[in-house]
Amino acid sequence: MLLTIAISEIVLFLISFKKKIEKTQLYILGVTFLIVAIELLNNYYLIQGRTSRVVLFSMYLFLPFIMSLNKKLILYFDKVIKLFCYEHVFFTYFIIIFKEFYTTAMIPLIAGREIVTKKSLIYWVSNGYNAGITAHYSTNAIYLSIAAIYFFTKWMNKKDKKNLVIFIISFLGLILTAKRAHLLIVIASCLFTYFISARKDEMKKKIKYATVILICSIIVLSIASIFVPSILNVVNRFKEGFNNGTLLSGREEFYNTAISLWLNKPILGNRWGYFSEYYQNNIFDLSNPAYNLEYLDCHNVYLQILCECGLVGFIFIIGLMLFIFYKTIKLVNYHKQSKTFLPQLIFSVCYQMFFVVYCLCGNPLYDAQCYVIYFIAIGIILNYLILNCEKR
């Protein structure tokens with residue numbers, strides 16, 4: 001999907017380039033170039049020869065600007081995300097049904113020459129951590145989170161059984177990955193979107209519905225776990241975390257390292273991409289079961305931006321991210337009174353919520369599987385604000 005979006009971005013830009021660009025769109029383009037400049041100046045990835053990562057991120061940064069040029073682009077990317085969600089939901093269950101075929105035929109294709117990845121995938125599928133057709137069960141959890149959010153927001157707009165059923169299937173698939181943070185953040189994001197889109201006179205009714213749904217879900221999942229024991233893996237991981245006295249899974253070392261590095265250069269930071277390189281060369285333990293990962297980021301975007309870009313970059317980048325989220329919420333509040341929602345508007349606010357919270361414990365601004373959808377979510381808002389002449 002990422003390659004499809006990258007190619008589409010270039011083609012759509014060339015098609016839209018002939019159209020007159022409004023002043024607001026020029027501002028967006030200017031801010032985009034400023035972010036790219038912050039990323040490229042003193043970029044540690046470039047020093048280490050990791051140019052492909054820099055080029056891809058820089059290119060995807062222009063997605064919001066390109067999406068602001070044409071109303072039809074919202075529908076186009078909506079279809080791309082929909083197909084992407086169907087694909088990963090399907091293969092999550094395909095692996096459960098055809099476990100032996102996955103182990104013997106698909107894992108070698110997914111892992112390629114990476115022996116460690118192959119061993120990890122075999123271990124995960126044997127222990128009920130569903131990686132889908134990705135190289136890591138965390139990646140599949142991200143994709144299923146996107147699917148759950150997409151179909152939930154579709155159901156919110158249409159209130160139809162089809163999208164509700166696919167949401168439930170996607171959500172159950174997410175549970176089968178045994179990823180705690182993704183599960184909790186998806187629940188929080190969906191509830192946040194569900195309530196923020198409600199008018200005051202609907203709030204009590206929605207609270208009752210949400211309470212009933214949560215209770216019924218717990219009962220259904222408890223019964224389902226009798227037949228599909230892997231459902232309980234995520235519960236067991238919570239228990240394990242509580243027994244160990246922390247749910248951070250060793251992230252404390254990441255956080256302490258990021259803070260320590262930031263204190264060395266608090267104003268301008270240590271260069272974009274510096275954290276993963278420093279951690280790889282100075283702290284990384286090859287006996288760690290995650291050592292098949294090429295690089296390890298901080299698992300907290302806010303701390304990593306602070307470490308790499310200093311206070312100046314942190315205020316600009318994180319401030320911009322939160323400002324866009326605030327504008328999206330404000331737009332939802334404005335339209336909920338008349339129920340004139342653009343369907344994709346609900347998806348945008350829900351995914352932004354997921355992204356902002358996930359930044360506390362993951363690497364969404366550094367992982368393409370997260371930030372591409374995020375840039376599309378921003379593009380939806382910019383498209384709506386500019387082309388629908390919203391001044392709110």
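Structure first, text after, so check above.
(A) Expanded view of the nonpolar core. Within the largest apolar cluster, 94 residues are counted, with the highest numbers of intra-cluster contacts made by Ile146, Ile305, Tyr351, Phe355, Phe375 and Ile376. In terms of residue count, the dominant contributor to this core is helix 18 (residues 368–387) (16 residues). Those residues in contact with Phe355, other than ones at most four positions away along the chain, are Met321, Pro364, Leu365, Cys370, Tyr371 and Tyr374. In terms of nonpolar packing, the next biggest core, distinct from the first, is built from 14 residues, Ala258, Trp262, Tyr274 and Phe275 among them.

(B) Spotlight on helix 8 (residues 115–126). Here helix 8 is 12 residues long and its end C-alpha atoms lie 17 Å apart, about the 16 Å a rise of 1.5 Å per residue gives. Along helix 8, the residues that are buried comprise Thr117, Ser120, Leu121, Trp124 and Val125. Angularly, the buried residues of helix 8 cover 125° about the axis, an arc narrow enough to put them on a single face. Opposite the buried face of helix 8, by more than 90 degrees, sit the exposed residues Ile115 and Lys119. Looking at the buried residues of helix 8, the elements they touch are helix 6 (72–97), helix 7 (99–111) and helix 9 (137–158). At the exit of helix 8 stands Gly128, carrying a positive phi of roughly 85°.

(C) Fine view of the pattern of salt bridges. According to the stated counting rule, one finds 2 salt bridges in the structure shown. Two residues, Arg53 and Asp297, come together in a salt bridge whose shortest N-O distance is 3.1 Å. Here the residue Arg53 occupies a position in helix 4 (residues 51–60), and Asp297 occupies one in the loop between helix 15 (274–282) and helix 16 (301–335), the gap between them amounting to 244 residues. Of the residues examined, Arg53 reaches a relative accessible area of 23% and is grouped as partly exposed.

(D) Examining the packing of helix 7 against helix 8 more closely. The contact between helix 7 and helix 8 brings their axes to 9 Å, and the two run at 155°. When the axis of helix 7 is compared with that of helix 8, the two are roughly antiparallel. Seen along the crossing, helix 7 lies across helix 8 with a hand that is right-handed. Judged by residue contacts, Lys99, Tyr102, Thr103, Ile107, Ile110 and Ala111 of helix 7 engage Thr117, Lys118, Leu121, Ile122, Val125 and Ser126 from helix 8. Looking at side-chain class alone, the contact of helix 7 with helix 8 contains 7 nonpolar, 3 polar and 2 charged residues.

(E) Spatial organisation of a positive patch on the surface. Together, Lys79, Lys82, Lys158 and Lys162 give the surface a local cluster of positive charge. Within the secondary structure, Lys79 sits in helix 6. What makes Lys79 exposed here is its relative accessible area of 58%.

(F) Quick peek at unusual backbone geometry. If you check the backbone angles, Ala178 has positive phi at about 65° while not being a glycine. Inspection of the secondary structure puts Ala178 in the loop between helix 10 (161–176) and helix 11 (180–196). Judged by its relative accessible area of 0%, Ala178 is buried. At Arg271, a position not held by glycine, the phi torsion is positive, near 95°.

(G) Region of interest: the environment of Ile346. With respect to the secondary-structure elements, Ile346 resides in helix 17 (residues 343–358). C-alpha separation for the pair Ile346 and Thr328, spaced 18 residues apart in sequence, amounts to 9.2 Å.

(H) How the structure looks around the packing of aromatic side chains. A full pass over the atoms with the stated rule returns 34 aromatic pairs. Between Phe152 and Trp155 the ring centres are 5.8 Å apart and the planes differ by 40°, which places this aromatic pair in the tilted class. Of this pair, Phe152 and Trp155 both sit in helix 9, separated by 3 residues, roughly a single helical turn. In this structure, Phe152 and Trp155 share a single accessibility class: buried. When the centroid spacing of 5.9 Å and the interplanar angle of 35° are considered together, the rings of Phe167 and Phe171 count as tilted. Of this pair, Phe167 and Phe171 both sit in helix 10, separated by 4 residues, roughly a single helical turn. By the burial criterion, Phe167 is buried, and Phe171 matches it.

About the thresholds
Residues numbered from 1 in each chain as written. Predicted model: local features only at pLDDT ≥ 70, side-chain atom pairs only at ≥ 80, totals over all residues. Heavy atoms only, no water. Core = buried A, V, L, I, M, F, W, Y, C linked by side-chain atoms within 4.5 Å. Buried < 20%, exposed > 50% of the residue type's maximum accessible area, 1.4 Å probe, protein only. Helix = DSSP H or I, 4+ residues; strand = E, 2+ residues; numbered from the N terminus. Contact = heavy atoms within 4.5 Å. Expected span 1.5 Å × (residues − 1). Arc of directions from axis to C-beta. Salt bridge = Lys/Arg side-chain N within 4 Å of Asp/Glu carboxyl O. Axes fitted to C-alpha atoms, helices over the stretch in contact; angles between N-to-C directions. Parallel < 35°, antiparallel > 145°, perpendicular 65-115°, else oblique. Left-handed = near helix turned anticlockwise from the far one by under 90°. Nonpolar A, V, L, I, M, F, W, Y, C, P; charged D, E, K, R; others polar. Patch = residues over 30% accessible without salt bridge, like charges linked within 9 Å, V, L, I, M, F, W, Y side chains within 5 Å. Areas by Shrake-Rupley, 256 points an atom, 1.4 Å probe, with all protein chains shown as cover. Lys, Arg positive; Asp, Glu negative; His and termini not counted. Charge placed at Lys NZ, Arg CZ, Asp CG, Glu CD. Phe/Tyr/Trp six-rings, centres within 6.5 Å; stacked < 30°, edge-to-face > 60°.

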